[in-house]
Amino acid sequence: MAINKTEIKILKLLQDDARITNQVLADKVGMSASPCWRRVRKLEEDNIIQGYRAILNRKKIGLGVMVFVRVTIDSHSETEAKKFEQEVSELENVVSCYSIGGDADFLLQVVSHDLDSYADFAMSVIRRLPGIKEMQSMFVLKEIKPLVSYPVTKINSSLD
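Reading the values: rules and limits
- Residues numbered from 1 in each chain as written.
- Predicted model: local features only at pLDDT ≥ 70, side-chain atom pairs only at ≥ 80, totals over all residues.
- Heavy atoms only, no water.
- Domains from an automatic or database assignment.
- Helix = DSSP H or I, 4+ residues; strand = E, 2+ residues; numbered from the N terminus.
- Buried < 20%, exposed > 50% of the residue type's maximum accessible area, 1.4 Å probe, protein only.
- Polar contact = N/O pair within 3.5 Å; in protein donor to acceptor, adjacent residues only side chain to side chain.
- Salt bridge = Lys/Arg side-chain N within 4 Å of Asp/Glu carboxyl O.
- Core = buried A, V, L, I, M, F, W, Y, C linked by side-chain atoms within 4.5 Å.
- Pairing = 2+ DSSP bridges.
- Axes fitted to C-alpha atoms, helices over the stretch in contact; angles between N-to-C directions.
- Contact = heavy atoms within 4.5 Å.
- Parallel < 35°, antiparallel > 145°, perpendicular 65-115°, else oblique.
- Nonpolar A, V, L, I, M, F, W, Y, C, P; charged D, E, K, R; others polar.

K.L.:
Would you mind showing me how to read the domain arrangement of the protein chain here?
P.N.:
How big an interface is tends to be stated in terms of accessible area lost as the parts join. Splitting the protein chain by domain gives domain 1 (5–46) and domain 2 (58–139). For domain 1 and domain 2, the distance between their C-alpha centres works out to 36 Å.

K.L.:
It is not clear to me how the side chain of Asn-4 should be interpreted in this structure. Could you clarify?
P.N.:
With respect to the helices and strands, Asn-4 occurs in the segment before α1 (5–16). Overall, Asn-4 belongs to the buried group, its relative accessible area being 12%. At 3.1 Å, the side chain of Asn-4 forms a polar contact with the backbone nitrogen of Thr-6.

K.L.:
Quick question: what am I supposed to make of the pattern of salt bridges here?
P.N.:
Side-chain pairs of opposite charge can arise whenever the charged atoms involved come near each other. For the coordinates displayed, the defined rule picks out 6 salt bridges. Glu-44 is the partner of Arg-41 in a salt bridge, and the nearest nitrogen-oxygen pair spans 2.6 Å. Separated by 3 residues within a single helix, Arg-41 and Glu-44 lie in helix α3 (residues 33–45), roughly one turn from each other. A residue is classified by how much of its surface remains accessible, and Arg-41, at 29% relative accessible area, is partly exposed. The shortest N-O distance in the salt bridge between Lys-82 and Glu-85 comes to 4.0 Å. Highlighted residues: Lys-82 and Glu-85, both in helix α4 (residues 78–89), separated by 3 residues, approximately one helical turn.

K.L.:
How do you make sense of the nonpolar core when you look at a structure like this?
P.N.:
Soluble globular proteins tend to bury their nonpolar side chains together. Core analysis: the biggest nonpolar cluster contains 20 residues, and Val-69, Val-71, Phe-84, Leu-108 and Val-110 have the highest contact counts within it. For this core, the elements supplying multiple residues, two or more each, are β1 (65–73), α4, β3 (106–112), α5 (115–124) and β4 (132–139).

K.L.:
Could you clarify how one ought to interpret the sheet that holds β4 in this entry?
P.N.:
Two strands in a sheet stick together by hydrogen bonds in their backbones, pointing the same way (parallel) or opposite ways (antiparallel). As summarised here, the arrangement of the 4 strands in space is β2-β3-β1-β4, forming an open sheet in which the pairing is antiparallel. What marks the edges here is a single partner per strand, and that holds for β2 (94–99) and β4. Direction aside, neighbouring strands of the sheet carry axes that sit 20° apart on average. Relative to β3, β1 runs antiparallel, the two being bridged by 7 bridges. When the bridges of β3 are listed, Val-67 appears paired with Val-110. Contacting β1, β2, β3 and β4, α4 runs over the sheet at an angle of about 15° to β3.

K.L.:
Looking at this structure, I do not really get the packing of helix α2 (residues 22–29) against α3. What am I missing?
P.N.:
Two packed helices can be described by the angle between their axes and the distance between those axes. Closest axis-to-axis distance for the α2/α3 pair is 9 Å, and the angle between their directions is 100°. When the interaxial angle is binned, α2 and α3 end up roughly perpendicular. Touching Asn-22, Gln-23, Leu-25, Ala-26 and Val-29 of α2 are Ala-33, Cys-36, Trp-37 and Val-40, all from α3. For the contact of α2 with α3, a count of residues per class yields 7 nonpolar, 2 polar and no charged.

Pasting the structure below:
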């Protein structure tokens, strides 16, 4: 699906402020409210917009530790990988998980209250996941640029 300049503007504005009213959004992209609303609905239907969320300050809600965990699994069968993926998906402290190339199979982003609770989680939960061969924890010392939005200005588009 090609995305045009107007839709790029809509996506940028919604990433900056998902609570923006349709009228304000329409004004900012230079169109009337009804066509703007239809464009947003189309972006949602096409699964380009997958939802709307509040961005929380993890430290203020008591999640002071963030860790990236590289995981290597024993077997590379599709069944074993799917089983691992399913179990990881159910873990609340794992906020993201990626299948990766290179010398590991998965990269998990984990949050925890403190180092002790992370250690407990790592040893009693992550280490017990099916097929774990090896894991390596990398602790975040400082968040420089956390994910907030995607660079929609770089989208391949038909550009009206």
